[in-house]
8 protein chains.
Amino acid sequence: MTLNIYLSGEIHTDWRDQIITGAKDLDVQFNSPVTDHGASDDCGVAILGAEPNKFWHDHKGAKINAIRTRKGIEEADIVVVRFGEKYKQWNAAFDAGYAAALGKSLIVLSQDEHQHALKEVHAAALAVAKEPMQVVEILRYVLKGSLPA
Amino acid sequence: MTLNIYLSGEIHTDWRDQIITGAKDLDVQFNSPVTDHGASDDCGVAILGAEPNKFWHDHKGAKINAIRTRKGIEEADIVVVRFGEKYKQWNAAFDAGYAAALGKSLIVLSQDEHQHALKEVHAAALAVAKEPMQVVEILRYVLKGSLPA
Amino acid sequence: MTLNIYLSGEIHTDWRDQIITGAKDLDVQFNSPVTDHGASDDCGVAILGAEPNKFWHDHKGAKINAIRTRKGIEEADIVVVRFGEKYKQWNAAFDAGYAAALGKSLIVLSQDEHQHALKEVHAAALAVAKEPMQVVEILRYVLKGSLPA
Amino acid sequence: MTLNIYLSGEIHTDWRDQIITGAKDLDVQFNSPVTDHGASDDCGVAILGAEPNKFWHDHKGAKINAIRTRKGIEEADIVVVRFGEKYKQWNAAFDAGYAAALGKSLIVLSQDEHQHALKEVHAAALAVAKEPMQVVEILRYVLKGSLPA
Amino acid sequence: MTLNIYLSGEIHTDWRDQIITGAKDLDVQFNSPVTDHGASDDCGVAILGAEPNKFWHDHKGAKINAIRTRKGIEEADIVVVRFGEKYKQWNAAFDAGYAAALGKSLIVLSQDEHQHALKEVHAAALAVAKEPMQVVEILRYVLKGSLPA
Amino acid sequence: MTLNIYLSGEIHTDWRDQIITGAKDLDVQFNSPVTDHGASDDCGVAILGAEPNKFWHDHKGAKINAIRTRKGIEEADIVVVRFGEKYKQWNAAFDAGYAAALGKSLIVLSQDEHQHALKEVHAAALAVAKEPMQVVEILRYVLKGSLPA
Amino acid sequence: MTLNIYLSGEIHTDWRDQIITGAKDLDVQFNSPVTDHGASDDCGVAILGAEPNKFWHDHKGAKINAIRTRKGIEEADIVVVRFGEKYKQWNAAFDAGYAAALGKSLIVLSQDEHQHALKEVHAAALAVAKEPMQVVEILRYVLKGSLPA
Amino acid sequence: MTLNIYLSGEIHTDWRDQIITGAKDLDVQFNSPVTDHGASDDCGVAILGAEPNKFWHDHKGAKINAIRTRKGIEEADIVVVRFGEKYKQWNAAFDAGYAAALGKSLIVLSQDEHQHALKEVHAAALAVAKEPMQVVEILRYVLKGSLPA
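Note that the structure is predicted; figures quoted are calculated from it, not measured.

Quick notes on the rules
Residues numbered from 1 in each chain as written. Chains lettered and ligands numbered in written order. Predicted model: local features only at pLDDT ≥ 70, side-chain atom pairs only at ≥ 80, totals over all residues. Heavy atoms only, no water. Helix = DSSP H or I, 4+ residues; strand = E, 2+ residues; numbered from the N terminus. Rg over C-alpha atoms; globule rule 2.2 N^0.38 Å. Buried < 20%, exposed > 50% of the residue type's maximum accessible area, 1.4 Å probe, protein only. Contact = heavy atoms within 4.5 Å. Least-squares fit on C-alpha atoms with pLDDT ≥ 70 in both. Core = buried A, V, L, I, M, F, W, Y, C linked by side-chain atoms within 4.5 Å. Buried area = accessible area lost by both parts, 1.4 Å probe. Salt bridge = Lys/Arg side-chain N within 4 Å of Asp/Glu carboxyl O. Polar contact = N/O pair within 3.5 Å; in protein donor to acceptor, adjacent residues only side chain to side chain. Nonpolar A, V, L, I, M, F, W, Y, C, P; charged D, E, K, R; others polar. Expected span 1.5 Å × (residues − 1). Bend = angle between axes of the 7 residues up to and from the residue. Axes fitted to C-alpha atoms, helices over the stretch in contact; angles between N-to-C directions. Parallel < 35°, antiparallel > 145°, perpendicular 65-115°, else oblique. Pairing = 2+ DSSP bridges. Right-handed = clockwise from strand over helix to strand, strands pointing away. Phe/Tyr/Trp six-rings, centres within 6.5 Å; stacked < 30°, edge-to-face > 60°. pLDDT = per-residue confidence, 0-100. Lys, Arg positive; Asp, Glu negative; His and termini not counted.

Visitor: Describe the overall build of chain A, listing the residues and the values that go with them.
Guide: Helix and strand counts for chain A stand at six helices and five strands. Reading chain A from its N end, one meets helices and strands in the order β-α-β-α-α-β-α-β-α-β-α. Against the compact-globule benchmark of 15 Å for 149 residues, chain A has a radius of gyration of 16 Å, which places it among compact chains. Across its three principal directions, the C-alpha atoms of chain A cover 55 × 35 × 30 Å. Sorting the 149 residues of chain A into buried and exposed places 63% on the buried side. Looking at chain A alone, contacts between residues at least 24 apart form 63% of all its contacts between residues at least 6 apart.

What follows is the structure in structure tokens.
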């Protein structure tokens, strides 16, 4: 059994690297959005031409990013969504909803301070973790049946 | 043609009433989440028994609310999601993602200040409006072909 | 919003009547399996001819009952499955799995003594109740937003 | 043609090993739930933190196990479900219902004493066998067209 | 519960009338193909223009008939397919396969002499009956739970 | 049997009226796009605000029109697409492709001069007609089994 | 592009071998039912135990064969169904209907004498051929774009 | 992440080669229709026999081409549709509609002169480009996150 995992959400800490490194002995395949913030914001206009209006500037970029996001979520067995400490992070919650509607196994990475605000997202999840290593432990258990020592 | 519309998101202003009142001459049917904030928070424990841990208190409630939300979104032709000025509103973005994955026509109600934070949600929408009456005008045009004077 | 509800599982107590009576002021529609135990066991051979082998006797009946069960579950918004105190009740758990795979909102009615044995079924449910009246209260809340006094 | 097979149900005898060993010359791929009973019961709290309430202890574990079960059933061509002599085994019947709703080919392994209680599950199956080696013979016939001598 | 039933297959005897008349006290809705043999054969060319080649003559007609057949089967809860004594009746078996793939409840009406030739179709059916009145009895049981006296 | 029909394509002649009038004795329900050319072009900016760039002017309008088109096609049993003599009419062909992918019964109304250019669209259709009254005759035959005199 | 092809229907001539041999230079993968007539008839009782009643004897076998048939059709891009000169061949027409409902590309191999009886099956097909080598030529054209000399 | 891309539309310029060459360092897989115009027009009659009527000549060919087109679009993550300067190109718009209904990521390659005529197709696209190299840049960004210098 190979698990395909999409790592969605917060892009300002190294949580993706922690999970990928921690799971390097497991039969897993990871995908993520583009995590270069500047490239992600500007990809639309950089490739398809400038827009004077910021709305359309963002719109062109968000749609190109959607090509990758859709592919990543639709191919995933598990979608991990991390909510960080800052920003609105509506794209993270949007991905969680998208994944839930497709029947994907959803794991949420979040902190206690956001517990109440995330209750609808948590209700759709099969696990709510606080630390990236807990996600690794879930993957290890799901694939090998072994628990942390 | 009867349009079934789910009104998701912010529950602190009367935007739902404005739309429902404005559309009262149209062949539309509206559904919404429970908008009584207290009831929505406590429905789980009020019906199924108290939980000392706030996480499970919220969890039980969020799952009961999900019965209504799922039904409302799955039956809808159009899902309108409003993002207000306050709070994280992750449930609104989650509903938007859920609706998008099901191929529903999505209309977002949001303000300029959130434009950048909502770019992924906007990219999935068929219309981005600022005022509830614009939603009414969209419904009127879609059903009758008539534009605002 | 009209809720279509399928009442699956135990047929030896009046729990269905309690729910139907309790919900008589709500916009709900109920379906159930045939609850006449004898008719349910013998429908196959009574209509399509006797079978000397008990396996095929049961098989013919179970398939005719499946016509009703499938229709009931597939049309439902909510599937309520009650596990009683006696018997194996594998058909109840089968219905719960069938409903879960179709993405139906699942409510389980069960007692504490079966908690551990039902943990996988509970994990797929949006609510786990002990009393039929709790199911009525969930329906009332989902439809009207009002909680028990 | 490669057959992907999920082996669900009873975890106290070596029936899975018998099937896997018997089919070792065939183009098949097997998946199963975690069959270490203790790990399966405790995975939720071991990874995500203790719960004083047994319901939530079980709930957290059952949801993590669901990640593996869903993946296993959704990828399977054939789901084999074995009902043993003891316990309620509602998770086995739940898996059978889940598999049936997804249109998977279902094979049931059960004993005569449970024939009547399993009639609804049997009615959804393409084969009802008593011995693990019969499952191997079915797989061999389906893949190679050869019958037991 | 209203059952929508599509009556497919043989058009030379009054079996459809027997079922419709027998079920006139039940909450059922029946659909059928056009049973006027001549109209059914010639509808394509009568409406869309003559074809010198018999293949295309038949092709145009079969496609128009498919509009009705698809609609009838896709809306049905139950598809009843009768195999008569004469002709190849490949359209009946085609409808049965179409219905089976869509997960419809299939009832086959056939005679002993065709038992072996129909074994694959029977294997996909929830009931195999010989007489139209047995179909009525199945419908009555499914809707009302009552068996023939 | 009620047929729901979406009338897509050319908006400069009265072909929709001819079909609707001709079918007024039949159990049919018709939907169409907004056929007021000016309103259809300008709906986006009229409701949601002006765009200096013609691309976005058109984009906002086309997306609002998509709300109606999707609903019309997704609810239809039959999609009739008419190709007129002028313009590119790519939206008509787009609707035909959309309908085909959803498994809708497709009827094309076109003229001999476009036969070769439409061969891929014709290949996906269940009928290719030249005159609106032929569509009416198809509907009458499908619903009543009667052919034109 | 690799094409997966299921070869259904008549098992008394070497048409499958002709196609497989003719296509041996192409990027194709073939599957078929078990074509050993005796094994196909008796697989159920040979593996799962004798049945005195011929109906159940056949039923057990047909269901085991269905495991292979379903897998073969569901994985196929193209389903080729050959109707031979003899027998009812209802399983062939059933497979054609099953394939059509799943949206598979259907190729029918049949003779002129059966043209009228097969008109509904032909209407669902993307090609109607008379000779196995025509199927090979279709596969070669679809994969390589080259036509027969 | 491997992207599977279907290149649909105009066959008279070398745009496909430009994209395939430009993307030769990327993890992509391309499919296209048969681009030999003569073979594409005549494949039906060349393989399955001549037709005196041009409509059926074209029909037989278009259906064989549909085998390849369906497979190509259904397997694709991204469908690129190019509209050239000449001809009606209804098959291109048909493919775009087909892809949109299946939820594929759609990229349109078109020129300013067709902007208004393509507005419905553009509204369904995630990117509208003018040059083949822009498509390559989108693919590079989606796969590697890098933007053009």
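Let's pick the thread back up.
Visitor: So, the relation of the copies chain F and chain B: which residues are in play, and what are the values?
Guide: With an RMSD of 0.0 Å, chain F superimposes on chain B once it is rotated by 90° and translated 0.0 Å along the axis. Seen this way, the second copy is the image of the first under a four-fold rotation axis. Among all residues of chain F, the minimum C-alpha distance to the rotation axis is found for Glu-75 of chain F, at 8.9 Å.

Visitor: I'd like a rundown of unusual backbone geometry, residues and numbers included.
Guide: All names here are of chain A. We note that Gln-89 has phi near 55°; this positive angle belongs to a residue other than glycine. Summarising the element assignment, Gln-89 is placed in the loop between strand 3 (78-82) and helix 4 (90-101). With relative accessibility at 10%, the residue Gln-89 sits in the buried group.

Visitor: Hey, could you go over the nonpolar core for me, with residue numbers and the actual values?
Guide: For soluble globular proteins, the rule of thumb is that nonpolar side chains tend to be buried together. Core analysis: the biggest nonpolar cluster contains 40 residues, and Val-79, Phe-83, Leu-106 and Val-121 of chain C together with Val-79, Phe-83 and Leu-106 of chain D have the highest contact counts within it. If you list the elements that add at least two residues to this core, you get strand 3 (78-82), helix 4 (90-101) and strand 4 (105-109) of chain C together with strand 3 (78-82), helix 4 (90-101) and strand 4 (105-109) of chain D. Excluding residues that lie within four positions of it along the chain, Phe-83 of chain D makes contacts with Trp-90 of chain C together with Gln-89, Ala-92, Ala-93, Val-108, Leu-109, Ser-110, Leu-118 and Val-121 of chain D.

Visitor: Outline the interface of chain F and chain B, listing residues and values.
Guide: On the chain B side, the residues contacting the 18 residues of chain F number 24 residues. Interface of chain F and chain B: buried area, both sides summed, is about 1800 Å²; carbon and sulfur atoms make up 65% of it. Summed over the three residues of chain F that lose the most area to chain B, namely Ile-47, Ile-67 and Lys-71 of chain F, the buried surface amounts to 36% of that side. For the pair chain F and chain B, the interface holds one salt bridge. Across the pair Asp-77 of chain B and Lys-71 of chain F runs a salt bridge, and its minimum N-O distance is 2.7 Å. Across the contact surface, chain F and chain B share seven residue pairs in polar contact (both at pLDDT 80 or more). Elements that contribute at least two residues to the side of chain F that touches chain B include exactly helix 2 (37-48) and helix 3 (54-75) of chain F. Tallying contributions element by element places helix 3 of chain F first for the side of chain F that touches chain B, with nine residues. Among the residues forming the side of chain F that touches chain B, the class breakdown is nine nonpolar, four polar and five charged.

Visitor: How would you sum up helix 3 (residues 54-75) of chain G? Please name residues and give values.
Guide: Since there are 3.6 residues in each turn of an α-helix, residues three or four apart along the chain are aligned in direction. All names here are of chain G. If you check helix 3, its first and last C-alpha atoms are 32 Å apart, about what 22 residues at 1.5 Å a residue would give, namely 32 Å. Of all the bends in helix 3, the largest measures some 30° and sits at Ala-66. Counting buried positions along helix 3 gives 17 out of 22 residues, so the element sits mostly inside the fold. One side-chain oxygen at the N-terminal end of helix 3 lies 2.8 Å from the backbone nitrogen of Phe-55; it belongs to Asn-53.

Visitor: Which residues make up the relation of the copies chain C and chain D, and what are the values?
Guide: Taken as rigid bodies, chain C and chain D are interconverted by a rotation of 180° and an axial shift of 0.0 Å, the fit giving an RMSD of 0.0 Å. Expressed as a symmetry operation, the mapping of one chain copy onto the other fits a two-fold axis. Of the residues that chain C buries at the interface, 100% are likewise interface residues in chain D, meaning the two copies contact each other through the same surface.

Visitor: So what about the arrangement of the chains? Which residues, and what values?
Guide: The least C-alpha distance between chain B and chain G, which are not in contact, is 20 Å. Separated without contact, chain B and chain H have their nearest C-alpha atoms at a distance of 8 Å.

Visitor: So what's going on with the packing of helix 2 (residues 37-48) of chain B against helix 3 (residues 54-75) of chain B? Residues and values would help.
Guide: Residue and element names in this part refer to chain B. Where helix 2 contacts helix 3, the two axes come as close as 7 Å, and the packing angle between them is 100°. Accordingly, the angle class assigned to the pair helix 2 and helix 3 is roughly perpendicular. Where helix 2 abuts helix 3, its residues Ser-40, Asp-41, Asp-42, Cys-43, Gly-44, Val-45 and Leu-48 lie against His-57, Lys-60, Gly-61, Ile-64 and Asn-65.

Visitor: Can you lay out the interface of chain C and chain D for me, pointing to particular residues and giving the numbers?
Guide: The interface is formed by 34 residues belonging to chain C together with 34 residues belonging to chain D. Interface of chain C and chain D: buried area, both sides summed, is about 3200 Å²; carbon and sulfur atoms make up 67% of it. The largest contributions to the chain C side of the interface with chain D come from Lys-88, Trp-90 and Phe-94 of chain C, which together make up 24% of the buried area. Counting every contact that joins chain C to chain D gives two salt bridges. For Asp-41 of chain C, the salt bridge is made with Lys-119 of chain D, and the minimal N-O distance between the two is 3.3 Å. The tally of links between chain C and chain D comes to 14 residue pairs in polar contact (both at pLDDT 80 or more).

Visitor: Describe in detail the pattern of salt bridges, supporting the description with residues and values.
Guide: For side chains bearing opposite charge, pairing can occur when the charged atoms are close. All names here are of chain A. Scanning the entire structure with this criterion turns up 80 salt bridges over all chains. The partner of Glu-51 in a salt bridge is Lys-60, and the shortest N-O contact between them spans 2.9 Å. With respect to burial, Glu-51 and Lys-60 carry one shared label: buried. Overlapping salt bridges, with partners in common, bring together Asp-25, Arg-140 and Lys-144 in one network.

Visitor: Can you break down the pairing of strand 2 (residues 28-31) of chain A residue by residue, with the values?
Guide: All names here are of chain A. Where strand 1 (residues 3-9) meets strand 2, four bridges bridge the pair, whose relative direction is parallel. Looking at strand 2, one finds that Leu-3 is bridged to Val-28. The handedness of the strand 1 to strand 2 crossover, carried by helix 1 (residues 15-22), is right-handed.

Visitor: Describe the packing of aromatic side chains, naming the residues involved and giving the relevant values.
Guide: By the definition in use, this model includes 28 aromatic pairs over all chains. Geometrically, the ring pair formed by Trp-90 of chain A and Phe-83 of chain B is tilted, given 4.8 Å between the ring centres and 50° between the ring planes. Within this pair, whereas Trp-90 of chain A is found in helix 4, its partner Phe-83 of chain B is found in the loop between strand 3 (78-82) and helix 4 (90-101), the two belonging to separate chains. For the pair Trp-90 of chain A and Phe-83 of chain B, one class covers both residues: buried. When the centroid spacing of 4.9 Å and the interplanar angle of 90° are considered together, the rings of Phe-55 of chain H and Trp-56 of chain H count as edge-to-face. We note that Phe-55 of chain H, like Trp-56 of chain H, is buried. Each member of the aromatic cluster is reached from another via a ring pair, and the members are Phe-55 and Trp-56 of chain A together with Phe-55 and Trp-56 of chain F.

Visitor: Can you lay out the side chain of Glu-120 of chain E for me, pointing to particular residues and giving the numbers?
Guide: Mapped onto the fold, Glu-120 of chain E is located in helix 5 (residues 119-123). One polar contact links Glu-120 of chain E to Lys-119 of chain E, side chain to side chain, over a distance of 3.2 Å. Among all residues touching Glu-120 of chain E, those that are not within four sequence positions of it are Ala-62 and Asn-91 of chain G.

Visitor: Tell me about the environment of Glu-10 of chain E, residues and numbers included.
Guide: All names here are of chain E. Turning to its location among the elements, Glu-10 is positioned in the loop between strand 1 (3-9) and helix 1 (15-22). Its relative accessible area of 8% is what places Glu-10 among the buried residues. The spatial distance from the C-alpha of Glu-10 to the C-alpha of Leu-109 is 9.9 Å, given a sequence separation of 99 residues. For Glu-10, the contacting residues outside a window of four places in its chain are Trp-15, Arg-16, Arg-82, Gly-84 and Gln-89. Here Arg-82 takes part through its side chain, which lies 2.6 Å from a polar atom of the side chain of Glu-10.

Visitor: An account of the confidence of the model for chain A is needed here, citing residue identities and associated values.
Guide: When pLDDT is averaged along chain A, the result is 97; 100% of the residues meet or exceed 70. In the predicted assembly, ipTM is 0.97 and pTM is 0.97.

Visitor: Which residues make up the side chain of Lys-104 of chain F, and what are the values?
Guide: You can see Lys-104 of chain F is positioned in the loop between helix 4 (90-101) and strand 4 (105-109). The charged side chain of Lys-104 of chain F is buried without a salt bridge, its nearest counter-charge being Asp-77 of chain F at 6.0 Å. Every residue in contact with Lys-104 of chain F, bar those within four places of it in the chain, is listed here: Arg-70 of chain E together with Ile-73, Glu-74, Glu-75, Ala-76, Asp-77, Val-79 and Ala-99 of chain F.

Visitor: Outline the sheet that holds strand 2 (residues 28-31) of chain B, listing residues and values.
Guide: Two modes of strand pairing occur in sheets, parallel and antiparallel, and in both the strands are linked by backbone hydrogen bonds. Residue and element names in this part refer to chain B. The strand order 2-1-3-4-5 describes an open sheet built from five strands, whose pairing is parallel. The open sheet has two free edges, formed respectively by strand 2 and strand 5 (127-129), since each of these has just one partner strand. The average angle at which neighbouring strand axes cross in this sheet is 20°, direction not considered. With three bridges connecting them, strand 4 (residues 105-109) and strand 5 associate as parallel partners. Bridging across to strand 5, Val-108 finds its partner in Val-128.

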